[in-house]
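This is what each chain is made of:
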Amino acid sequence: MDKVELRKKVLELSFKLHHDLPPKRMSSLTEGEKGILGLLFHQYPKAQYSGDLAILMKVGTGRIGNALKSLEAKNLIAREIDDQDKRKVLVSLTDEGYQWIKNKMEKANHFIETVIEEYGVDKFETFITESEKLLGLGYQICMREGLLNDD
């Protein structure tokens with residue numbers, strides 16, 4: 001394949017990755033809510049400040065506040081005012097929230113392990129190694145040519 005054909009293939013693959021996947025089942029959680037649960041899961045049982053969650057997710061505190069309100073209504077998280085600083089809110093997973101995210105992580109791990117087994121461990125390892133190199137190169141080119149700016 002020449003460069004033009006390769007470029008077309010990359011664009012086709014990118015399109016397929018974003019549009020041709022099996023349709024998502026409707027979920028009662030937004031992507032942001034799932035992100036919050038994931039962050040809390042990795043710190044469980046330790047509580048996190050809502051402001052720190054906003055920073056980690058690179059969103060505003062208002063957006064985090066709305067997501068936390070929704071997650072609390074679904075009994076997946078608990079919020080409490082910090083005893084040391086009444087302006088801060090501590091957020092932690094409920095037992096139900098912990099079990100929900102744990103179940104999702106187990107399903108994701110099973111899926112990935114199945115793909116690895118069916119594709120072949122050696123081939124998958126090569127794929128990961130080459131993908132890391134490609135992403136690193138792409139990042140370097142973006143930085144060098146200023147492609148990460150919105151200008």
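Rules used throughout
Residues numbered from 1 in each chain as written. Predicted model: local features only at pLDDT ≥ 70, side-chain atom pairs only at ≥ 80, totals over all residues. Heavy atoms only, no water. Helix = DSSP H or I, 4+ residues; strand = E, 2+ residues; numbered from the N terminus. Rg over C-alpha atoms; globule rule 2.2 N^0.38 Å. Buried < 20%, exposed > 50% of the residue type's maximum accessible area, 1.4 Å probe, protein only. Core = buried A, V, L, I, M, F, W, Y, C linked by side-chain atoms within 4.5 Å. Contact = heavy atoms within 4.5 Å. Phe/Tyr/Trp six-rings, centres within 6.5 Å; stacked < 30°, edge-to-face > 60°. Lys NZ or Arg CZ within 6 Å of the ring centre and 35° of its normal. Pairing = 2+ DSSP bridges. Axes fitted to C-alpha atoms, helices over the stretch in contact; angles between N-to-C directions.

Peer 1: Would you mind going over the overall build of the protein in detail, with residue names and values included?
Peer 2: Helix and strand content of the protein: six helices and three strands. Ordered by position from N to C terminus, the α and β elements of the protein give α-α-β-α-α-β-β-α-α. In terms of overall dimensions, the protein is more spread out than a globule: its C-alpha atoms have a radius of gyration of 20 Å, far above the 15 Å expected for 151 residues. Dimensions along the principal axes, computed over C-alpha positions, put the protein at roughly 65 × 40 × 25 Å. Sorting the 151 residues of the protein into buried and exposed places 19% on the buried side.

Peer 1: With reference to specific residues and values, describe the nonpolar core.
Peer 2: If you look at the biggest cluster of nonpolar residues, it comprises 16 residues, and the most contacted ones within it are I36, L37 and I77. Every element with two or more residues in this core is listed here: α2 (31–43), α3 (50–57), α4 (61–73) and β3 (89–93). Not counting residues within four places of it along the chain, the set of residues in contact with I36 comprises L53, M57, I64, A67, L68 and L71.

Peer 1: Provide a residue-level description of the packing of aromatic side chains, including the pertinent values.
Peer 2: Tallying each qualifying case throughout the model produces four aromatic pairs. Their ring planes at 25 degrees and their centres at 5.3 Å tell us that F41 and Y98 sit as a pair that is stacked. Of the two residues, F41 is situated in helix α2 and Y98 in helix α5 (residues 95–119); the sequence distance between them amounts to 57 residues. For Y98, a relative accessible area of 21% corresponds to the partly exposed category. Judged by centre distance (4.1 Å) and plane angle (25 degrees), the ring pair of Y44 and Y98 falls under stacked. Of this pair, Y44 sits in the loop between α2 and β1 (48–49) while Y98 is found in helix α5, placing the two residues 54 residues apart along the sequence. Taken together through their ring pairs, the aromatic side chains of F41, Y44 and Y98 make up a single cluster. Lying over the aromatic face of Y49, K88 brings its terminal NZ or CZ to 4.9 Å of the ring centre. Between K123 and the ring centre of Y119, over which it is positioned, the NZ or CZ distance is 4.6 Å.

Peer 1: Explain the sheet that holds β3 to me, and be specific about the residues and the numbers.
Peer 2: Read across the sheet, three strands follow the order β1-β3-β2 without closing on themselves; strand pairing throughout is antiparallel. Only two strands of the sheet have a single neighbouring strand rather than two, namely β1 and β2 (77–81). Note: β2 against β3, five bridges, orientation antiparallel. Residue E80 lies in a different strand from β3, and its bridge partner there is L90. Contacts from α2 reach β1, β2 and β3 within the one sheet, and its direction differs from that of β3 by about 80 degrees.

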